[in-house]
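Residue-level structure breakdown
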Amino acid sequence: MVTLEGFELVTLTIKRAFLEKLTVGLRLIHKMSEETLAGVPSVHISPEGIFKYILINVTDSGDASKAVVRGFSDCEWHADIFDREEKVFKKLGLRAECPGGGRIEHNPEKKYLKVYGYSQGFGKADHAQSKRILATKYPDYTIEISDDGY
């Protein structure tokens, strides 16, 4: 004969085992999410020319986030850049937000980048932050920032 106390003990043991496995699973998902975020390149811009760029804050399923710079000469609008990149991030299970944009002049022969201007749709990016991010990929470049120009 099973007593109520025995039944409660079995139920408690099952709940505890479930919660332990759930916790391990959630930690694994969070670790995978952080690894996915870490694998996102900080910079992806056109190899040369003058083009629009945006700063994107990418967030995983937890609290981890990373700011990245994206700019492509084949995108007419800042929103085109965001739409393209947001699709990539969504496929990875990441969220994206654009705090602003501008333009980049990229001259690889002179090892020169100029970050300037603003986005009519997203506003002006923090060009100083964009410069710091660009410097991680282009440490031997001269990188200039300006609030002038469109």
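Going by the structure above, here's the rest.
Residues numbered from 1 in each chain as written. Predicted model: local features only at pLDDT ≥ 70, side-chain atom pairs only at ≥ 80, totals over all residues. Heavy atoms only, no water.

Here the focus is the packing of aromatic side chains. Evaluated as defined, the whole model comprises two aromatic pairs. Geometrically, the ring pair formed by Phe82 and Phe122 is tilted, given 5.8 Å between the ring centres and 55 degrees between the ring planes. Placement of Phe82 in helix H2 (residues 78–91) and of Phe122 in the loop between strand E5 (112–116) and helix H3 (127–137) is noted, with a sequence separation of 40 residues between them. When its relative accessible area of 27% is taken as the criterion, Phe122 is described as partly exposed. Where Tyr138 meets Tyr141, the ring centres are 4.7 Å apart and the plane angle is 55 degrees; that geometry is what we call tilted. Judged by its relative accessible area of 10%, Tyr138 is buried. A cation sits over an aromatic face here: Arg84 above Phe72, 4.8 Å from the ring centre. Stacked on the ring of Tyr116, the Lys or Arg Lys114 has its end atom at 5.3 Å from the ring centre. (Phe/Tyr/Trp six-rings, centres within 6.5 Å; stacked < 30°, edge-to-face > 60°. Helix = DSSP H or I, 4+ residues; strand = E, 2+ residues; numbered from the N terminus. Buried < 20%, exposed > 50% of the residue type's maximum accessible area, 1.4 Å probe, protein only. Lys NZ or Arg CZ within 6 Å of the ring centre and 35° of its normal.)

Counting 16 residues, the largest nonpolar core has Ile45, Val69, Ile104, Leu113 and Leu134 as its most contacted members. Contributing elements (two or more residues each) for this core: strand E1 (43–45), strand E2 (49–59), strand E3 (65–71), E5 and H3. Of the residues forming this core, the biggest block, three residues, is contributed by E2. The contact partners of Val69, leaving out residues within four places of it in the chain, are Ser42, Val43, His44, Ile45, Tyr53, Ile54, Leu55, Ile104, Ser130, Ile133 and Leu134. Counting 14 residues, the second-largest nonpolar core is a separate cluster that includes Ile54, Ile56, Cys75 and Ile81. (Core = buried A, V, L, I, M, F, W, Y, C linked by side-chain atoms within 4.5 Å. Contact = heavy atoms within 4.5 Å.)

Purely geometric stuff here, so don't read any function into it on its own.
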